[in-house]
Structure formats: C-alpha cells, structure tokens
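For reference, the chains in residue letters:
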Amino acid sequence: INIPDHLLQRFQLLEDRMSVNQHYLTALLGYKFVSLCSFFIPGNRAIVVDEPGVTRDRLYGRSFWGDNEFMVIDTGGVLTVSKSQTDVMEQQLSVSTTIGMEGIPLASREAAVARMPSMIERQATVAVEESSVIIFVVDGQAGLNAADVEIGDWLRKNYSNKSIILAVNKCESPRKGIMQASEFWSLGFTPLPISAVSGTGTGELLDLVCAGLGKIEESDAQNKEEENYIPSISIVGRPNVGKSSILNALVGEDRTIVSPVSGTTRDAIDTEFEGPDGQKFRLIDTAGIRKRAAVASSGSTTEALSVNRAFRAIRRSDVVALVVEALACITEQDYKIAERIEREGKGCLIVVNKWDTIPNKNQQTTLHYEEDVRLKLRILNWAPIVYSTAITGNSVDKIIVAASAVEKERSRRLSTATLNQVVHEALAFKSPPRTRGGKRGRLYYCTQAAIRPPTFVFFVNDAKLFPETYRRYMEKQLRSDAGFTGTPIRLLWRSRR
Ligand code: GDP
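Everything in this summary refers to the structure shown in the same document. What you see is a predicted model; the values in this text were computed from it and never measured.

Turning our eyes to something else, we now look at the nonpolar core. Counting residues in hydrophobic clusters, the biggest one holds 46 residues, and the most contacted among them are Phe-136, Ile-165, Leu-166, Ala-167, Val-168 and Leu-192. Secondary structure elements with two or more residues in this core: strand 4 (133-139), helix 6 (146-158), strand 5 (163-169), helix 8 (202-228), helix 16 (416-429), strand 13 (443-450), strand 14 (455-460) and helix 17 (468-482). Ile-233, Leu-247, Val-320 and Ile-400 belong to the second-largest nonpolar core, a separate cluster that totals 43 residues.

Shown next as structure tokens:
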C-alpha cells in the first residue's frame, strides 16, 4: 500500500525509543483496514500477512502528530484487511479467525457475529485497557452490520471513560463520505468519514486522537484539583434587597455580628459552610455593602459602590446568587450585574427576595412574575429563579440546593457521544444558511473542551458560514437537550482548512 508522501511527511515514527509514560492509542478493531494501520505505522510493519488463525502479538508503533506523541497499538486483527476485495461476511469471519476463534464454523455467520464481542474481549481487551483513545473502524462502503453494533455496545458499556473515535473508512469522496458515514450515527459515536488509502479525513482523525489524549491529561489534572475544590458562592444585589438577611440565615446570626479585623474590608472574609446535601461552599461575603452604603453620601454613589463591590465578588465566585427585591423586580443595576456574571462565565441563580411583600398571591403569580423577570433579564434566561423570604429564614435551604445544582451543571462534562448526537440532530433539523455564493457551513465534529463554564468547540469548514442567529440556535438546542441550567455555556467555532 502506498502512503502518499504528503501524508507520510505529516508524521514520523520513532521505533526505537519507548517510554512507559507515553499515551497508548489503539488501532484495535481496525480489523478491516490494514491500510489505516499502515498509515499509523509506516514501514509496513502492520501489513505482515500471517496465516489465518495465527494469533499475533500486539504491534506497537510510536507516532507523532503536531505536538503530540503517542503509541499506536495494533492488535493483530488487521491481517484480514489486506484482502480488500473480500466481502464483509468473509472479513468478519476471518477476523474471528484472526483473533483466535477458528473453532467457529465458517458457514455460521450469525454465530460468528453473535460471538464477536467475547472474542474481541479475549484478544484485544488488554490493548484497549492500556489505551487512552480507541479508534473504532468500520467499513463505509459495506455499511453498518451487526458486528459493528455489538462492538459499539461493548465499547460503550465498558470504556465510556476513554475517548472513542468512530472512523468510517473507505470514504474516498468527501461529499459521498458524509452520506456513507451518516449511517453509523446509530452506534452512538460521531462517525468521522476517512479514507486510509487517499488520506481523506486522516488529519481530522489524528486531531481527534490528540484531542482525546489532551482531554485525559486535563481530566487527570482536574481530578487532582477536584479533591480540594470548594466552590465559592457570593450573594450580590442592590442595597437593602436582603443580602445580609439571607447570609445570616445561611450561616447563623453570629456570622455578621463578628466584626471584621479592623482596617480590613469585609469582603475579604469568607466563610465555609456545608449545604444540606453535604456539599461544601465558600461564602464570599458582600454583606458589607450596607455598611458602606450608609457611609456614602448620595444615592448614586451608593449604587456605584455596591455595583463595584458586586463585580469584585463575582470575579471570585463560582456561583452568584443575584438577589432582587420582589416589589422592585429588575432594575438597571441588576442588569449590569447580570451582564457581568454572564461575561465572566459564572453560574447564577436569581433570588427574588421579600416574596412576602407581594400581595394577593395566587397560583399564577409565580408564572407571571417569572415571565416578567425573563423579559427584563434575558441575558440570564438560563438562570433558575428562587423565591425567598429571608426574614423567616425558611427559604434559605432552597437557595443552597439551587446553588449546589448550578455548581454541578457548571462543572458538567457531556460525553462526546451525547454531545454529537444533540448537535447532529440540531443540524439535521436546521442546517446553516447558504450564502449568496451557494456556500454552506459544514460541521466536522464537536467536542467539549472545558468545564466551568462548559465550553464546546465546533470544528467547521468555515466559521464565517455560521451566522450569529445559527449559533444562538445551536446553543438553544444544546440547552434544551442537554440542560446546563444555571450556567453560561460557550460555543467556539473553529475553521478548518
Ligand atoms: P442588604 O442591604 O441587601 O444586606 O439587606 P438586608 O438584609 O440588610 O435587609 C434590608 C431590609 O429588608 C431589612 O430591614 C430586612 O429586615 C428586610 N428584609 C430582608 N429580607 C426580607 C424579606 O424576605 N421580607 C421582608 N418583608 N423584609 C426583608
């Protein structure tokens, strides 16, 4: 198999240097496509054709892509692939043979297929276990088959903690490839059309591999951090809306009686406390607002002071409880604070305090009130609303429960499969608009790059082909299908050449 020079130049191989620390990448299940493996492992090492039935050791090859260095493991199932003309059925059977199941009668395709996962497990689990990224290769020309479904199930059930990339091979034509690949969505992974022979999509595949490796590093680091992570919550809002009252109810009366160390401002004093579900929080104190406000001479200075103070608190927070006064509803100042919360990517809940002062409440009151809040505070349309009466102290638990939920949403990671399913459905329902020149935005894949706030990267042909309206549509779909209540989310659109 000839690998085009330009592809070969894109990555090199160092066979003789190995370290225990490197990432492992499995080209396992690349059973039909020796060509794919040979792309990863130049030098024809993977193309050795053994006698069928001979179990081979796993092949390791060192590979580079961009700044990433990784190890490719070829589990040996590849030898069947060299016969590209063989029909699917025969391929499946010979794969079975390859991985040591020659006992299965060749005539019984069903039986062979039915037992695929167990065969795979026996032979290849070791490779999969030691891998960080798994490339699940299917045949785009032959289409989806029962074995694919079983392997897909097996991978999903057992290895959801690893990055799994579904490569649909033999998609030589990019346009037709998308059609060929679309059939494989039902496997629950995002199908990436590639052609090992022509090199189509292999760059994207390697990018995905690297993204998968990056995610693992990131999550390792995060797990370490996670152990010590205590989210910070701040209670902000205009003077007199009831922040101190809420704070008192949260951490007890003593809390605000304790005077700050002289010469320091109150916002330097944080308190740790535990919510009803045992979740720990660090409370950022902004209660000093009133004190400052009393000192301030004019009303406008008071407002300005409190906004600045709120801004400082927001910066240090993970979750912000924006307290508004029921009768006043949303004011311009609240809007300014809301904008800042959104811009800084903080979680938020809107606390409508002094709910007791709203007269003649009935079943509809909350509904109408919520409509009003949503209208005036569109920028926080994702934030939950909690109605509270701080002086009685009994709504405070609700605030903490809501804050805790918001924090969880802000730290949530969507599986790539779910994410791409949602995004794919959104795309199918409404495609990006065509430009006057007839061009249309195309999405290659989507991945969640970060949490706090959840950040999604959309790799597309040209970001300019996705107008603001379309981006908002996508965000709306993501939210309606995947939640993220109480947290801003970020959608980044990256053009690919
Ligand atoms: P802050 O300036 O935002 O900290 O507001 P405070 O907590 O000091 O409250 C201002 C005033 O509103 C105080 O007189 C509180 O007793 C009163 N207040 C606070 N929460 C409520 C509430 O839920 N209902 C009613 N009716 N009054 C409240």
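Once the structure has been displayed, the description carries forward.
Strands sit in the order 8-9-7-10-11-12 across an open sheet of six strands; the sheet is mixed. Strands at the two margins of the open sheet, each flanked by one partner only, are strand 8 (270-274) and strand 12 (385-387). Neighbour-to-neighbour, the strand axes of this sheet turn through a mean angle of 30°, independent of strand direction. Examined bridge by bridge, strand 10 (residues 319-325) and strand 11 (residues 347-353) share seven bridges and lie parallel to one another. From the neighbouring strand, Ala-321 faces strand 11, where its bridge partner is Leu-349. Contacts from helix 13 (residues 332-343) reach strand 7 (232-237), strand 10 and strand 11 within the one sheet, and its direction differs from that of strand 10 by about 165°. Seen against the sheet, helix 15 (residues 396-410) touches strand 7, strand 10, strand 11 and strand 12 and runs at an angle of roughly 160° to strand 11.

This part covers the pairing of strand 7. Most of strand 7 sits inside the fold, with five of its six residues counted as buried. With three bridges joining them, strand 7 and strand 9 (residues 280-284) adopt parallel strand pairing. Each residue of the ladder has a partner; that of Ile-233, found in strand 9, is Leu-283. Bridge count between strand 7 and strand 10: five bridges; the pairing is parallel. Bridge pairing in strand 10 links Ile-235 to Ala-321.

Calculation rules
Residues numbered from 1 in each chain as written. Predicted model: local features only at pLDDT ≥ 70, side-chain atom pairs only at ≥ 80, totals over all residues. Core = buried A, V, L, I, M, F, W, Y, C linked by C-beta atoms within 7 Å. Buried ≥ 20, exposed ≤ 12 C-beta atoms within 10 Å, placed from the backbone. Helix = DSSP H or I, 4+ residues; strand = E, 2+ residues; numbered from the N terminus. Pairing = 2+ DSSP bridges. Axes fitted to C-alpha atoms, helices over the stretch in contact; angles between N-to-C directions. Contact = placed C-beta atoms within 7 Å.

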